[in-house]
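# A structural walkthrough
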Amino acid sequence: MKKKELAMPQKMFNISIIAMFCIFMVALIVANLGEYIETLAKIWPIVKIVSIILEIILASVLIISIGLSRFNGYQLTINVSLEDAPSEFNNAYEKIYEKYFKYLKKLKGKLGIIEIMVWFSYVLAVLSWAIAYVVIAYVEPQELGIVLFVVALSLMGLPSISLAIRGNKKIKYIRYFKEFCIKEFFDSINVRFFNLPPVDCERHLLYIFNDIRCDSKNAYIVNVDDYIEKDINGKTVKLYETSFNGTFNQEDLLLFNGMFSYEKLDKEFGEGFRIKNNDLYENNDLKKVDFNLSKFSQNFSLYTVDGKMPIDVPINELSEKLVDLYNKYGIGVEINVRYNVLAIKFYTGDMFEPAIIGKPLDKEILYAYYTMVEACMQTFYEMMEILNNR
C-alpha cells in the first residue's frame, strides 16, 4: 500500500523542530562572534529577545502539534440515535463486546501509557532545550550552555524512540480491532469485511477514478484501507475505504477520502454526467446544468460536458434517493457516470478506526459505522438499478 500524505500535526512538528534548531544556532553564533565583531555585539541584545520570543512561540506550536496528533482520526459527524438501532445491530454488538472488550481495553491501556511517555519525552526535550538557551543567553561562561545544548539535542532522541514504540502498539491495537472485532461484527450481519484489499485492487481503482473522471485532477496515488461487500437481491455491492491523492500547482492534494464504489452498467451513457453536493468543492472540468428541481437543487448540482440536460437520464428518480440519503444522514455524495460505468464517492472520512481516546468499543460509533455502510450500500444498489432500468 502507498503511504498517505503527512498529516498537518506531523508537518507542524517537523517545521517547529527545524525552526527552533535554526534560531538556536543563529543566536549561538551571534553570541560567540560578538566578542570579535562589534556589529554583532551591538545587535546581540535584540537578537536575544527576539529569538527567545520565537523559541517560546515555536515550543507552543510543537506542543500543540503533539496534542493534535492524538485527534488526527476522523471525527464522526453523522447523527445517529441508539434508540433506533435494530435488533440485528444490538445482537452483533453484544456478541463482540462480550468476546473482545476486555483484551481490547488492555491493548488500549498499554497504548495510553505509551502516550504519556511520548508527552513526557517531548516536554523533557523542550524544557532542556529552553534551559540551555537561557544559560547561553544570560550565564557566563557560555561553554556551560553549549554543554547543556548538546545534552538537549541528545534528549531529542527520546520522542523518536517513544513514537516508534507508540507506532508499534497502535498498529497492534488497530489490527486487532479490525481483524477480529469489526470482521466478526460484519459477519454477523451478512456483510463481508476484509482488512486487506484484493490483489491489484489499487491499480484498478486508480484507473477507474481517472477514466470515469471522478475529479478534475488526475489521481496518482490511491490507498485502500478496507474493503467490504454485501449481496443485495442477488447482486454484490462493493465498498472500498480509500483515499486518492493528486497534484495541483506542484503540491500534493488529497482529492478524496471516504467510501468509494463502482460497477459496470447494462446501459451506455456516453460522456455521462456528474451529480454532487453543493457544499463539496467545485470541479471545473464540467459545466453546471441550469435547472430547478425544488429539494434536489437546494443541496445538489448536475454537471455535464456541454452544460445541457442529459438525455434519457432519470434525474427525478436519482434525486429522490440522494435527497433522502442526505436528509437522513448528512453524508456527502458525488455520482459520476461515464460510458457504461457508475462510480460513487461517499464522503464518510476514515472508517472502522478504534477509539484512541474514550471507550475502545464505543457502541454509538460502531452504530454510526453500521448505519453508514448500510446507507451507502443500499444507495449504490438503488442508483445502479435506476440507471440499468431507465
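Everything numeric in this text was worked out from a predicted model, so none of it was measured.

### Quick word on the overall build of the protein chain
Helix and strand content of the protein chain: 9 helices and 9 strands. When each of the 390 residues of the protein chain is scored for burial, the buried share is 46%. For the protein chain, the share of sequence-separated contacts (at least 6 apart) that also reach a separation of at least 24 residues comes to 73%.

### Here's the deal with the pairing of strand 2 (residues 219-232)
With respect to burial, strand 2 is a largely interior element, 11 of its 14 residues being buried. One ladder, built from 3 bridges, connects strand 1 (residues 192-194) with strand 2; its direction is antiparallel. Bridging across to strand 2, Phe-193 finds its partner in Ile-228.

### Details of the nonpolar core
With 66 residues, the main nonpolar core has Ile-275, Leu-342, Phe-346 and Phe-352 as its most contacted residues. It is helix 9 (residues 363-388) that provides the largest number of residues to this core, a total of 16 residues. Look past the residues within four positions of Ile-275 in its chain and what remains in contact with it is Phe-296, Phe-300, Ser-301, Leu-302, Ile-315, Leu-318, Leu-322, Val-333, Glu-334 and Ile-335. Residues Leu-206, Ile-212, Ala-219 and Leu-255 belong to the second largest nonpolar core, which totals 19 residues.

### Some points on the packing of aromatic side chains
Applying the stated rule across the entire model yields 27 aromatic pairs. With a centroid separation of 6.0 Å and 15° between ring planes, the pair formed by Phe-186 and Phe-193 is classed as stacked. One aromatic cluster is present, built from ring pairs that chain together Phe-89, Tyr-93, Tyr-97, Phe-101, Phe-185, Phe-186, Phe-193, Phe-352, Tyr-367, Tyr-369 and Tyr-370.

### Description of helix 6 (residues 201-211)
If you check which residues of helix 6 are buried, you get Cys-201, Glu-202, Leu-205, Leu-206, Ile-208 and Phe-209. In an axial view of helix 6, the angular spread of the buried residues amounts to 165°, which keeps them on one side of the axis. The exposed residues of helix 6 that point more than 90 degrees off its buried face are Arg-203 and Tyr-207. Arg-213 sits one or two positions beyond helix 6 and adopts a positive phi of about 65°.

### Quick look at unusual backbone geometry
Backbone geometry at Asn-233 places phi at a positive 50°, although glycine is not the residue there. By relative accessible area, which is 65% here, Asn-233 ends up exposed.

### Concerning the pattern of salt bridges
Evaluated as defined, the whole model comprises 15 salt bridges. Ionic pairing is found between Glu-271 and Arg-213, a salt bridge with its closest N-O pair at 2.9 Å. With Glu-271 in the loop between strand 4 (251-264) and strand 5 (273-277) and Arg-213 in the loop between helix 6 and strand 2, this residue pair connects regions lying 58 residues apart in the sequence. For Glu-385, the salt bridge goes to Lys-235, with nearest N and O atoms at 2.8 Å. With a gap of 150 residues between them, Glu-385 in helix 9 and Lys-235 in strand 3 (residues 235-248) connect regions that are remote in the sequence. Through salt bridges with shared partners, a single ionic network connects Lys-178, Asp-226 and Glu-353.

### Quick word on the pairing of strand 7 (residues 300-304)
Burial runs high along strand 7: 5 of the 5 residues are buried. Taken together, the 4 bridges between strand 5 and strand 7 define a ladder with antiparallel strand orientation. Its bridge partner lying in strand 7, Ile-275 is registered against Leu-302. Note: strand 6 (residues 287-288) against strand 7, 2 bridges, orientation antiparallel. When the bridges of strand 7 are listed, Lys-287 appears paired with Thr-304.

### A look at the environment of Ala-343
Tracing the chain through its elements places Ala-343 in strand 9 (residues 341-347). Other than its neighbours up to four places away in sequence, Ala-343 contacts Ile-212, Cys-214, Phe-260, Ser-261, Tyr-262, Glu-334, Ile-335 and Asn-336.

Rules behind the numbers
Residues numbered from 1 in each chain as written. Predicted model: local features only at pLDDT ≥ 70, side-chain atom pairs only at ≥ 80, totals over all residues. Heavy atoms only, no water. Helix = DSSP H or I, 4+ residues; strand = E, 2+ residues; numbered from the N terminus. Buried < 20%, exposed > 50% of the residue type's maximum accessible area, 1.4 Å probe, protein only. Contact = heavy atoms within 4.5 Å. Pairing = 2+ DSSP bridges. Core = buried A, V, L, I, M, F, W, Y, C linked by side-chain atoms within 4.5 Å. Phe/Tyr/Trp six-rings, centres within 6.5 Å; stacked < 30°, edge-to-face > 60°. Arc of directions from axis to C-beta. Salt bridge = Lys/Arg side-chain N within 4 Å of Asp/Glu carboxyl O.

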